[in-house]
Amino acid sequence: QVQLVESGGGLVQAGGSLRLSCAASGIIFSINAMGWYRQAPGKQRELVASITSGGTTIYADSVKGRFTISRDSAKSTVYLQMNSLKPEDTAVYYCNADLRRDAYTPIRPYWGQGTQVTVSS
């Protein structure tokens with residue numbers, strides 16, 4: 001069984017910062033990309049940022065310059081440092097990992113349970 005456990009969400013005022021963490025555990029052969037998605041009420045889930053095993057990053061235009069994604073491959077953990085938060089960043093943030101459980105199974109995506117981020121104006 002593979003689990004992605006997120007932490008670090010909460011309530012913060014506009015202009016503040018939060019750091020999200022997501023640790024993958026269980027039987028894992030290899031992890032490719034890891035990333036963060038978010039879903040606000042009434043909206044579709046959207047990519048916030050992702051990072052490959054080689055360190056290549058992608059960011060949504062709305063968070064460029066404010067959010068930074070990083071990973072510790074030794075700990076199978078991905079982080080999202082969120083600065084200069086805005087009310088429109090309010091959403092449930094989900095961790096994602098594209099991983100392989102053994103050498104014979106295909107890569108598939110796994111998801112965390114989500115963590116609420118609320119930014120007050």
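Residues numbered from 1 in each chain as written. Predicted model: local features only at pLDDT ≥ 70, side-chain atom pairs only at ≥ 80, totals over all residues. Heavy atoms only, no water.

(A) Up close: the packing of aromatic side chains. Under the defined criterion, the tally for this structure stands at 1 aromatic pair. Judged by centre distance (5.0 Å) and plane angle (65 degrees), the ring pair of Tyr37 and Trp111 falls under edge-to-face. Here Tyr37 is found in strand β4 (residues 30-39), whereas its partner Trp111 is found in strand β10 (residues 108-111), with 74 residues between them in sequence. Classification of Tyr37 as partly exposed rests on a relative accessible area of 24%. We note Arg19 situated over the ring of Tyr79; from NZ or CZ to the ring centre the distance is 4.1 Å. (Phe/Tyr/Trp six-rings, centres within 6.5 Å; stacked < 30°, edge-to-face > 60°. Helix = DSSP H or I, 4+ residues; strand = E, 2+ residues; numbered from the N terminus. Buried < 20%, exposed > 50% of the residue type's maximum accessible area, 1.4 Å probe, protein only. Lys NZ or Arg CZ within 6 Å of the ring centre and 35° of its normal.)

(B) Structural context of the sheet that holds strand β8 (residues 77-82). Ordered by their spatial adjacency, 4 strands build an open sheet running β1-β3-β8-β7, and the pairing between neighbours is antiparallel. Pairing within the sheet leaves two strands with one partner each, and these edge strands are β1 (2-7) and β7 (67-72). Neighbour-to-neighbour, the strand axes of this sheet turn through a mean angle of 15 degrees, independent of strand direction. Of the strand pairs in this sheet, strand β3 (residues 18-26) and β8 are connected by 6 bridges, and their pairing is antiparallel. Residue pairing for β8: Ala23 is matched across the bridge by Thr77. (Pairing = 2+ DSSP bridges. Axes fitted to C-alpha atoms, helices over the stretch in contact; angles between N-to-C directions.)

(C) A look at the state of the cysteines. If you walk through the whole model with that rule in mind, you get 1 disulfide. Disulfide pairing places Cys22 opposite Cys95 at an S-S distance of 2.0 Å. Disulfide Cys22 to Cys95: torsion about the S-S bond roughly -80 degrees, handedness left-handed. Of this pair, Cys22 sits in strand β3 while Cys95 is found in strand β9 (residues 91-100), placing the two residues 73 residues apart along the sequence. Per residue, the accessibility class of Cys22 equals that of Cys95, and both read buried. (Disulfide = S-S within 2.5 Å.)

Keep in mind that these numbers describe shape and distance, not what the molecule does.
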